[in-house]
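Given next are the chains, with one letter for each unit.
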Amino acid sequence: GAVVSQHPSRVICKSGTSVKIECRSLDFQATTMFWYRQFPKQSLMLMATSNEGSKATYEQGVEKDKFLINHASLTLSTLTVASAHPEDSSFYICSARARTDTTNEKLFFGSGTQLSVL
Amino acid sequence: LAKTTQPISMDSYEGQEVNITCSHNNIATNDYITWYQQFPSQGPRFIIQGYKTKVTNEVASLFIPADRKSSTLSLPRVSLSDTAVYYCLFSLTGGYNKLIFGAGTRLAVHP
């Protein structure tokens, strides 16, 4: 299946630091990528939809000035957590949709980034 | 968007067959049903996808009744490594906008 690479896998930073997370589609082109966050023992919460060459679409309650998304190419989307604070500590996961057969598209997920803000 | 309902948790033993049912009463005509598996600190992994009747792959089977208001993921002869959270979701043909995760089912497989 399609491979989505997410980097870094873990970040520990001081409060006030900005953190960038990269999401790459390795063997396919992804016009759309999705960013999720997940708290311990909870489900994934969709944060935003990242469209190549255009502005991201944010879900209600997600601060676009806090979570900056850039989808500059068909294989790369980045999420920057601006001036991170302890409450931003979470597991962040990206995904990209790909058509691996003729019937339907599927979502493929990165391995996630554990962000810990001290 | 269609809402899904799954059991919060399930327990099983190695070698048993596990069936996880998901209810989706207001599924749309164009929606496919997709199941994902997630291990702790990892991204979800695609398991199986179907539209109606039965789909089988090397990992699992998916049973969807004619009314499509529910679906059942069947894991044959589970092992300890199948301990994970399982999510059922919807995806539209030809380019859905977003995928919303429900609470998922936390499966624990015991020796």
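Read on for an overview of the structure. As the structure is a prediction and not an experimental result, all values here were calculated from the model.

About the criteria used
- Residues numbered from 1 in each chain as written.
- Chains lettered and ligands numbered in written order.
- Predicted model: local features only at pLDDT ≥ 70, side-chain atom pairs only at ≥ 80, totals over all residues.
- Heavy atoms only, no water.
- Helix = DSSP H or I, 4+ residues; strand = E, 2+ residues; numbered from the N terminus.
- Buried < 20%, exposed > 50% of the residue type's maximum accessible area, 1.4 Å probe, protein only.
- Pairing = 2+ DSSP bridges.
- Axes fitted to C-alpha atoms, helices over the stretch in contact; angles between N-to-C directions.
- Salt bridge = Lys/Arg side-chain N within 4 Å of Asp/Glu carboxyl O.
- Disulfide = S-S within 2.5 Å.

Note: most peptide bonds trans; most residues except glycine with negative phi. Of note, the bond from H7 of chain A into P8 of chain A is cis; its omega dihedral lies within 30 degrees of zero at 0 degrees. Looking at the secondary structure, you find P8 of chain A in the loop between strand 1 (4-7) and strand 2 (10-13). At T53 of chain B, a position not held by glycine, the phi torsion is positive, near 60 degrees. In this fold, T53 of chain B is placed in strand 5 (residues 53-56). A positive phi angle is found at R77 of chain B, which is not glycine, with a value near 45 degrees. Mapped onto the elements, R77 of chain B comes out in the loop between strand 7 (70-75) and strand 8 (84-92). Residue R77 of chain B is classed as exposed on the basis of its relative accessible area of 64%.

Residue and element names in this part refer to chain B. One open sheet holds the four strands; their spatial order is 2-7-6-5, and the pairing between them is antiparallel. Edge positions in the sheet fall to strand 2 (18-23) and strand 5, since each has one partner strand and no second. The average angle at which neighbouring strand axes cross in this sheet is 15 degrees, direction not considered. Pairing analysis gives six bridges linking strand 2 to strand 7, with the strands arranged antiparallel. Note that in strand 7 the partner of T21 across the bridge is T72.

Our next topic: the pattern of salt bridges. All names here are of chain A. Under the defined criterion, the tally for this structure stands at two salt bridges over all chains. K66 is the salt-bridge partner of D88, the closest N and O atoms lying 2.8 Å from each other. Separated by 22 residues along the polypeptide, D88 in the loop between strand 8 (76-81) and strand 9 (90-99) and K66 in the loop between strand 6 (57-58) and strand 7 (67-73) bring together distant segments of the chain. Accessibility expressed as a relative area gives 5% for D88, which makes it buried.

It is worth spelling out the state of the cysteines at this point. Per the counting criterion, the structure on display carries two disulfides over all chains. In this model C23 of chain A forms its disulfide with C94 of chain A; the gap between the sulfur atoms is 2.0 Å. For the disulfide bridge between C23 of chain A and C94 of chain A, the dihedral angle about the S-S bond is near 80 degrees, and by the sign convention the bridge is right-handed. Of this pair, C23 of chain A sits in strand 3 (residues 19-25) while C94 of chain A sits in strand 9, placing them 71 residues apart in sequence. Each member of the pair, C23 of chain A as well as C94 of chain A, is classed as buried. Each sulfur of the disulfide joining C22 of chain B and C88 of chain B lies 1.7 Å from the other. Of this pair, C22 of chain B sits in strand 2 while C88 of chain B sits in strand 8, placing them 66 residues apart in sequence. Judged by relative accessible area, which is 1%, C88 of chain B ranks as buried. The closest cysteine sulfur to the non-disulfide-bonded C13 of chain A is located on C94 of chain A, 18 Å from its own sulfur.

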